[in-house]
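Residues per chain are reported as follows:
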Amino acid sequence: MPIEIRRFGAGNRRPEGPPGTTGLTGQVVHSDARGVIVEFAFAPGGRIPLHDNAGTTAWFLVIEGGGWVQVGAERRRVGAGEAVLWPAGIGHAAWAEDTPMRAIIVELAGADDAWARGILEGAARRIGPGEAGRVPKGEGRLAPRARAQRRDPSAGEPD
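Residues numbered from 1 in each chain as written. Predicted model: local features only at pLDDT ≥ 70, side-chain atom pairs only at ≥ 80, totals over all residues. Heavy atoms only, no water.

A. Fine view of the environment of Asn53. Residue position: Asn53 is located in the loop between strand S3 (35–51) and strand S4 (56–71). For the pair Asn53 and Gly91, spaced 38 residues apart in the sequence, the C-alpha separation amounts to 7.7 Å. (Helix = DSSP H or I, 4+ residues; strand = E, 2+ residues; numbered from the N terminus.)

This is how it looks when you write it as structure tokens:
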């Protein structure tokens, strides 16, 4: 099977987004029954207005620049290297202010099926010095190594 390459980025974008979107161009990279992957480029002041996707969950991955996102009533500043979950059925929006922003949207078809795959939700957090829950430094050592038996060189086996 030959390698499939799809072009996106500058020179491959067209106006994109839900109704009311301004200052945004994009390119669909992939789309099938499993989901959609789209690259978006926000011009300064570009905006995807508050809307929701009833049956799909999406990840908004900022790959260049930065701006703002909204999920429900909460608004947060985001920058390159950050990903924001847009849950199905909850209003979400994104916008750039004075600088451009590029993002990849990965929209997943259907509901979250983590429960069916036995995945338990959890969270990790860094525990600072002096905080409750800090684990004391352990003491230990490696198990002693079994001594290799010296082989008889006349048996034709290497040492």
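B. A look at the side chain of Gln27. Within the fold, Gln27 resides in strand S2 (residues 22–32). Gln27 sits in the buried class, given a relative accessible area of 18%. Leave out the neighbours within four places in its chain, and Gln27 touches Arg7, Phe8, Asn12, Arg13, Arg14, Ile37, Val38 and Glu39. (Buried < 20%, exposed > 50% of the residue type's maximum accessible area, 1.4 Å probe, protein only. Contact = heavy atoms within 4.5 Å.)

C. Highlighting a nonpolar patch on the surface. On the surface, Trp59, Leu61, Ile63, Leu85 and Leu108 cluster together into a nonpolar patch covering about 390 Å² of accessible area. Here the nonpolar patch takes 3 residues from S4, the largest share from any one element. In this structure, Leu85 sits in strand S6 (residues 83–86). (Patch = residues over 30% accessible without salt bridge, like charges linked within 9 Å, V, L, I, M, F, W, Y side chains within 5 Å. Areas by Shrake-Rupley, 256 points an atom, 1.4 Å probe, with all protein chains shown as cover. Salt bridge = Lys/Arg side-chain N within 4 Å of Asp/Glu carboxyl O.)

D. Spotlight on the nonpolar core. Core analysis: the largest hydrophobic core is formed by 17 residues, its most contacted members being Phe40, Phe42, Phe60, Trp86 and Met101. Among the secondary structure elements, those contributing two or more residues to this core are S3, S4, S6 and strand S8 (101–109). (Core = buried A, V, L, I, M, F, W, Y, C linked by side-chain atoms within 4.5 Å.)

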